[in-house]
Amino acid sequence: MRWRLLLLLSVFSACSRGPSTSRTYSEAWTAFREAKLQQAQQIVDAALKTHTKEQPGDALEPLRLLQTEILLARGQPRTAWELLGKCPDSPDHELHLRWLVDRADALIKLGQADKAKGLLDEVDRTAGSKGTGEWVFKSLLLRSAMLAREGQFDQAEDVLKGLLARTIATGDVYNQAGALLNLSYSKIRQSRYDESIEYSASALEFAQKSHAGRIVAIANDNLGQAYTALGDLDRAAEHQNKAISQLREIDDLRGLEDTLGGLGNIYLLAHKPALAAQAFEEAVGIAKRSDATIDALRWAHRAAFAMIEQQNWDAAEAWNHQGYALLAQLPSRGKDLFLKLNAAAIAAGRGNSKEAERLYRETIADSKDEPFFEWDAHVRLGSLLAKERQYPAANAEYKLGLQAIERVQASIKDEYRFSYQDLQMQFFKDYVELLVSEGDTKTALQVAEYSRARVLAEKLGKPADAIDQVHVEDFQRYAGQTGSVLLSFWLAPQRSFVWVIKPGSIRMAILPPAD
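Here's what I pulled together on the structure shown here. (Residues numbered from 1 in each chain as written. Predicted model: local features only at pLDDT ≥ 70, side-chain atom pairs only at ≥ 80, totals over all residues. Heavy atoms only, no water.)

### With respect to the packing of helix H13 (residues 233-250) against helix H14 (residues 253-269)
We apply this condition: Fitted lines through C-alpha atoms give the axes, limited to the stretch in contact for helices. The angle between two N-to-C directions lies from 0 to 180 degrees. Going along the chain from the N terminus, every DSSP run of H or I of four or more residues is numbered as a helix, and every run of E of two or more is numbered as a strand. In what follows, roughly perpendicular refers to angles from 65 to 115 degrees, roughly parallel to angles under 35, roughly antiparallel to angles over 145, and oblique to any angle outside these ranges. Crossings are classed by handedness, with left-handed meaning an anticlockwise turn of the near helix from the far one by less than a right angle and right-handed meaning a clockwise turn. When checking whether two residues touch, look at their non-hydrogen atoms; a contact exists if any pair is within 4.5 Å. As a working rule, the residues Ala, Val, Leu, Ile, Met, Phe, Trp, Tyr, Cys and Pro are called nonpolar, Asp, Glu, Lys and Arg charged, and the rest polar, with Gly in that last group.
It is at 9 Å that the axes of H13 and H14 come closest, and there the two elements cross at 160°. When the axis of H13 is compared with that of H14, the two are roughly antiparallel. Every pair of crossing elements has a handedness; the one defined by H13 and H14 is left-handed. Contact residues: H13 offers Leu233, Ala236, Ala237, Gln240, Asn241, Ala243, Ile244, Leu247 and Arg248, while H14 offers Gly255, Leu256, Thr259, Leu260, Gly262, Leu263, Ile266, Tyr267 and Leu269. Partitioning the contact of H13 with H14 into residue classes produces 12 nonpolar, five polar and one charged.

Structure follows, in C-alpha cells:
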C-alpha cells in the first residue's frame, strides 16, 4: 500500500513539472510564427517564471530572446531593447547570430539604423556569403528593407533575390514570403505599382501556406498602398481594412497604427475627410501608447488636414496645436513645415488672407531643401491669390510651382507620396483654369499636356521631362504631316475645355464641367 502511494506521488510529481523547456519553446515559437503574439507571450512569460530556478541560464536564452522578438513584433522596441541589455551574448553560434539580429531589429525600430548596420555586418562576417538559417535570413530581410528605405533599390533587390534562392533551396516557405514582401515594398518605393502587386500577391500566397499571419497582414497593407497609387481606391480600402482587422487580431500595434494612417490617406483621396479623421485619430492614440512620437506627430498633422478639408477650423487648429506639442517632445525637433502649411490653410479658411500669405511665404523660404513643401506652398499661395483675383501674382506662384515640381519626384518621402499625387492633379486643374481665365489658351494647352505626360511617367516609375520640353508647335507640325485635326480634351469640375489643333491654328472651346 505504501509502495502504491509512493508510486502515485511520483507520477503526480513528474506530471506537475509541466512540459520541458524545449517543448515550451517550440509551442511559443509556433504561435509567434503564426502571429498569435499574445498567446506566444503568455507561454514565454509563464515558462520563464516556471523554469528560471530549475534550468541553467543558457537553456533559457532562446526563450528570453523570443520574448524580445514578440515585443518587437508588437511594436514595443524600447522595452525589447531594455530586455536585450540583460541578455548576454552567447558562445553558441546560432544564439550569437540571433542576439545580433534582435539588437539590430530593435535599433532600426528605434530610429538608429546606422548602429544596426554594424551588427548586420557582423552577422554577414560570421555566417559567410552562403549562410542559411533563420537568423541569417532575418538579417538579410532587415538589410534589404534598410536599403530600400534609403533608395538603394538595386542593392536591396540583389540582396532579396539572393535570399529567395537560398530560401527555395532550403524549402523555407516562411522567409520566402518575407523576401517577396520586401520586394513588393521596394517596388512601391520606386512607383512600380503593378510589379509590387505581383510580389505582394505571391507573398500573400506563401504566407498563407506557412500560416504567417503577420506577413499576410503586411502583404495586404502593401496591396492597399499600390492600389491607392493606381487610383483603385475601392480595392485599396478593401485590402487596407483586411490588414487592419488582421493586425488588430495579432496585436501588432505599430503595424496597426501605420495601416490606419494609410486608410486615412485613402479616405482623403476618396474625398471622405470625416472617415479619414477617425482613422487618423485612432492612429495618433496608438502611436502615443507605443511611445512613437514621430508617428503620432505624422498622424496628428494629417488629422488637422482632414479637418481642414471639412472646413472645421476649430478642430483643425486643435489638431495642429497637438502636432506642435508632439514636435516639441522630439530630441531633434526639425522643421514644422507641414504644420505651418496647415496653419496657413486654417487662416485662409477663416478669411485672414494676409496671415495665410505670410505663412505660405515663410514656408517657401524655409523649404529650399524640401522640394515637396516648396512646391506645395507655391501652389497653395497661387490658389489663394487667384481667389482674390490677383491673377498676375497667382500666375507667378504657379510658374515657381512648376519649377519646384521637377525636383519633387526624386526626393519625396513615402508619407507624402499619395497626397502629392492628388495635390498635383488639383494644381494642374487650377493652373489651367487660371491660364484660360487670363486668355492664355496656348500655355494652358502646354500645361494640360505636360500634366498628362508627368502623371504617366510617374506611374511608370520614370523621371518626368521638364515642361520646356512640351511644345504645342509639335502638335501642329504633326497635324500637318498626317493631314489630321487633333483634339485635346481637359475635364475639370468648374468647366472643361477642348483644343482643336490644325497645322495653321489652335482654337479652344469651353465645355460643361465634368460630372
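Read on, since the account is not over.
### As for the pattern of salt bridges
Our working rule: In what follows, salt bridge is the name for a side-chain nitrogen of Lys or Arg lying within 4 Å of a carboxyl oxygen of Asp or Glu. Burial here depends on accessible area, computed with a 1.4 Å probe over protein chains only, as a share of the maximum for the residue type. Under 20% is buried, over 50% is exposed, and the range in between is partly exposed.
Taken as a whole, this structure holds 39 salt bridges when the rule is applied. The shortest N-O distance in the salt bridge between Asp295 and Arg298 comes to 3.1 Å. Placement of the pair is Asp295 and Arg298 together in helix H16 (residues 293-309), with a separation of three residues, close to one helical turn. With a relative accessible area of 11%, Asp295 lands in the buried category. Measuring nitrogen to oxygen at the nearest pair gives 2.7 Å for the salt bridge that ties Asp314 to Arg350. One end of the pair, Asp314, is in helix H17 (residues 313-329); the other, Arg350, is in the loop between helix H18 (337-349) and helix H19 (353-366), and 36 residues separate them in sequence.

### Section: helix H12 (residues 213-229)
Heads up, the condition is: Every helix has an expected span of 1.5 Å times one less than the residues it contains.
Across its 17 residues, H12 extends 25 Å between first and last C-alpha, which sits within 8% of the 24 Å expected from 1.5 Å per residue. Judged by how many residues are buried, H12 sits mostly within the fold: 13 of 17 residues are covered. At the C-terminal side of H12, Gly231 shows a positive phi close to 85°.

### A look at the nonpolar core
Burial of nonpolar side chains together is a common tendency in soluble globular proteins. What counts here: To form a nonpolar core, buried Ala, Val, Leu, Ile, Met, Phe, Trp, Tyr and Cys residues must be joined to one another through side-chain atoms within 4.5 Å.
Ranked by size, the top nonpolar core spans 158 residues in total, and within it Trp375, Phe427, Val432 and Trp499 carry the most contacts. At 10 residues, H16 tops the list of elements feeding residues into this core. In this structure, Trp499 is in contact with Val432, Thr441, Ala444, Leu445, Ala448, Leu486, Leu487, Ser488, Trp490, Ile506, Arg507 and Met508, ignoring residues within four places of it in sequence.

### Quick word on the sheet that holds strand E2 (residues 496-502)
For clarity, the threshold we go by: Here, any two strands with at least 2 DSSP bridges between them count as paired.
Taken together, three strands build an open sheet; the order of strands is E1-E2-E3 and the sheet is antiparallel. Every interior strand has two partners, whereas the edge strands, strand E1 (486-490) and strand E3 (505-511), have only one. In this sheet, neighbouring strand axes are inclined to one another by 20° on average, regardless of whether the strands run parallel or antiparallel. For E1 and E2, the ladder comprises five bridges, and the chain directions are antiparallel. Following the sheet pairing, Phe489 is matched in E2 by Val498. On the sheet, helix H24 (residues 472-482) packs against E1, E2 and E3 and is oriented at approximately 55° with respect to E2.

### What to know about empty space enclosed by the protein
To locate leftover empty space, one rolls a probe as large as a water molecule over the atoms. Rule in force here: Cavities and pockets were defined on a 1 Å grid built from protein atoms only: a cavity is a group of points that admits a 1.4 Å probe but offers it no way out, a pocket is an open group of points flanked by protein on both sides within 12 Å along at least five of seven lines, and a lining residue is one with an atom within 4 Å of any such point. Grid points are joined across faces, edges and corners, and a volume is the space filled by probe spheres set on the points.
In the structure shown here, the tally under the stated rule is three cavities of 30 Å³ or more. The computed volume of the largest cavity comes to approximately 120 Å³. His301, Arg302, Phe305, Asp376 and Arg380 are the residues nearest the centre of the largest cavity, which is lined by 13 residues in total. Among the elements that line the lining of the largest cavity, the one with the most residues is helix H20 (residues 371-387), at four residues. Tallied by class, residues from the lining of the largest cavity come to seven nonpolar, three polar and three charged.

### What about helix H21 (residues 391-405)?
Between the first and last C-alpha of H21 there are 21 Å, a value that for 15 residues agrees with the 21 Å anticipated at 1.5 Å per step. Of all the positions in H21, only Ala394, Asn395, Glu397, Tyr398, Gly401, Leu402, Ala404 and Ile405 are classed as buried.

### A short note on the side chain of Gln476
Within the secondary structure, Gln476 sits in helix H24. Apart from residues no more than four positions distant in its own chain, Gln476 is found in contact with Ile501, Lys502, Pro503, Gly504, Ser505 and Ile506.

### Describing a nonpolar patch on the surface
Condition: What goes into a patch is any residue over 30% in relative accessible area without a salt bridge, connected to like charges within 9 Å or, for nonpolar side chains (Val, Leu, Ile, Met, Phe, Trp, Tyr), within 5 Å. We get accessible surface area from the Shrake-Rupley algorithm with a probe of 1.4 Å; when it comes to residues, only the shown protein chains can shield them.
A contiguous nonpolar surface patch, about 400 Å² in accessible area, is contributed by Val485, Leu487, Phe489 and Leu491. In this fold, Val485 is placed in the loop between H24 and E1.

### As for the packing of aromatic side chains
Let me state the cut-off plainly: A pair of aromatic rings is counted whenever rings of Phe, Tyr or Trp (Trp by its six-membered ring) have centres within 6.5 Å, and the orientation is called stacked for planes under 30 degrees apart, edge-to-face for over 60 and tilted otherwise. Charge over a ring is defined by NZ of Lys or CZ of Arg lying within 6 Å of the ring centre and within 35 degrees of the ring normal.
Going through the model one piece at a time under the given rule, you end up with 14 aromatic pairs. Considering the side-chain rings of Tyr398 and Phe427, the 5.7 Å spacing of their centres and the 40° angle between planes classify their relative orientation as tilted. Here Phe427 lies in helix H22 (residues 414-437) and Tyr398 lies in helix H21, a separation of 29 residues in the sequence. Within the aromatic cluster, the residues linked to one another by ring pairs are Phe338, Phe372, Phe373, Trp375, Tyr398, Phe427, Phe428, Tyr431 and Tyr450. Positioned above the aromatic ring of Tyr174, the side-chain terminus of Arg33 is 3.8 Å from the ring centre. Here Lys209 stacks its cationic end above the ring of Phe206, 5.0 Å away from the centre of that ring.

### Things to note about the packing of helix H11 (residues 193-209) against H12
Running from amino to carboxyl end, H11 crosses H12 at an angle of 160°, the nearest separation of the two axes being 9 Å. As the angle between them shows, H11 and H12 are arranged roughly antiparallel. Note that H11 runs across H12; the crossing there is left-handed. Side by side, H11 and H12 meet where Tyr193, Ser196, Ile197, Ser200, Ala201, Ala203, Leu204, Ala207 and Gln208 of the first sit next to Ile215, Val216, Ala219, Asn220, Asn222, Leu223, Ala226, Tyr227 and Ala229 of the second. Partitioned by chemical class, the residues of the contact of H11 with H12 number 13 nonpolar, five polar and no charged.

### A few points about the layout of surface pockets
The computed volume of the second largest pocket comes to approximately 1,400 Å³. Around the second largest pocket sit 43 residues that line it, and Glu309, Ser383, Lys387, Gln426 and Asp430 are the ones nearest its centre. Elements supplying a minimum of two residues to the lining of the second largest pocket: H14, H16, H18, H19, H20, H21 and H22. Residue contributions to the lining of the second largest pocket peak at 13 residues, all from H22.

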